[in-house]
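# Coordinate inspection notes
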Amino acid sequence: EQAREKIAKFINAPSARQVIYTRNTTESINLVAYSWARANLKSGDLVILTEMEHHSNLVPWHLLAAERGIRLEFIPVTENGLLDLDEYHTLLSLSPKLVSFTHMSNVLGTINPAAEIIRMAHEAGAITVVDGAQSVPHLKVDVQALDADFYAFSAHKMCGPTGIGALYGKSALLE
């Protein structure tokens, strides 16, 4: 329990009870996809992803699309390696249920404006899932300031042991 409290403090989670141990970032994202999303998404619901996602934030959503008939749309990447936020704004007008994106690209190194992406998603009524595998080791991450609904990361990206990761979730969503 003491370790979970330290992790909660590290990402500024309000409570250690909002930190769930997983094996890694992939398992954390899968946990959201196969628990919250399966319980809350139905055929025709929209999930927005980005073109710069790691496969761990693509595969579970493609599987859910095949299984449940959810729709997937992607925020494009500009020539400068940034997310096209104008196109994101347009996609948000389609009333997505969930927006899942990487905080920092493992390929491009792009640091996405997570707080803005989350704010815009919430204004559209969507839940957010943030892949923090690359950002937690390199940035000061404050899940409360970001207002993230779910935030996933792994220890091995921070020179910690392999086989341990964490998923932060807002209490109401975890219940």
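Let me begin by describing the structure that accompanies this report. Since this is a predicted model, take the numbers as computed values, not measurements. (Residues numbered from 1 in each chain as written. Predicted model: local features only at pLDDT ≥ 70, side-chain atom pairs only at ≥ 80, totals over all residues. Heavy atoms only, no water.)

## Describing the pairing of strand β3 (residues 71–75)
To keep it simple, the criterion reads: Between any two strands, pairing holds if DSSP finds at least two bridges. A run of DSSP states H or I qualifies as a helix once it reaches four residues; a run of E qualifies as a strand once it reaches two. Both are numbered from the N-terminal end. A right-handed crossover is one whose linking path, passing over the helix from the first strand to the second, runs clockwise when the strands point away from the viewer.
Direction of pairing for strand β2 (residues 46–50) relative to β3: parallel, over a ladder of five bridges. For Ile48, the partnering residue across the bridge sits in β3 and is Glu73. Handedness of the crossover is the feature at issue here: the chain leaves β2, passes through helix α3 (residues 59–68), returns alongside β3, and the resulting connection is right-handed.

## Structural notes on the sheet that holds strand β1 (residues 19–22)
We apply this condition: To obtain an axis, a line is fitted to C-alpha atoms, over the contacting stretch when the element is a helix, and the angle between two such axes runs from 0 to 180 degrees between their N-to-C directions. Any two residues whose heavy atoms approach within 4.5 Å at even a single point are treated as in contact.
Read across the sheet, seven strands follow the order β1-β7-β6-β5-β4-β2-β3 without closing on themselves; strand pairing throughout is mixed. For this open sheet the edge positions go to β1 and β3, each flanked by a neighbour on one side alone. The sheet shows a mean angle of 20° between the axes of neighbouring strands, taken without regard to direction. As paired strands, strand β4 (residues 98–102) and strand β5 (residues 127–131) are joined by five bridges and run parallel to one another. In the sheet register, Leu98 faces β5, and the bridge partner there is Ile127. Across the sheet, helix α2 (residues 25–40) touches β1, β4, β5, β6 (150–154) and β7 (165–169), and the angle it forms with β6 is around 150°.

## Some remarks on the nonpolar core
Here is the rule we go by: Joining through side-chain atoms within 4.5 Å is the link that ties buried Ala, Val, Leu, Ile, Met, Phe, Trp, Tyr and Cys residues into a set, and such a set is a nonpolar core. When accessible area is computed with a 1.4 Å probe and restricted to protein chains, residues below 20% of their type maximum are described as buried, those above 50% as exposed, and intermediate ones as partly exposed.
Residues Ala13, Ile48, Tyr88, Val99, Phe101, Val143 and Tyr151 are the most contacted members of the largest nonpolar core, which totals 31 residues. Mapped by element, the contributors of at least two residues to this core are β2, α4 (85–92), β4, α5 (114–123), α7 (143–146), β6 and β7. Residue contributions to this core peak at five residues, all from α5. Not counting chain neighbours up to four residues away, the residues in contact with Phe101 comprise Thr50, Glu53, Asn57, Ala114, Ile117, Ile118, Val129, Val130 and Asp131. Of all hydrophobic cores here, the second largest spans 19 residues; its members include Leu49, Trp61, Leu72 and Phe150.

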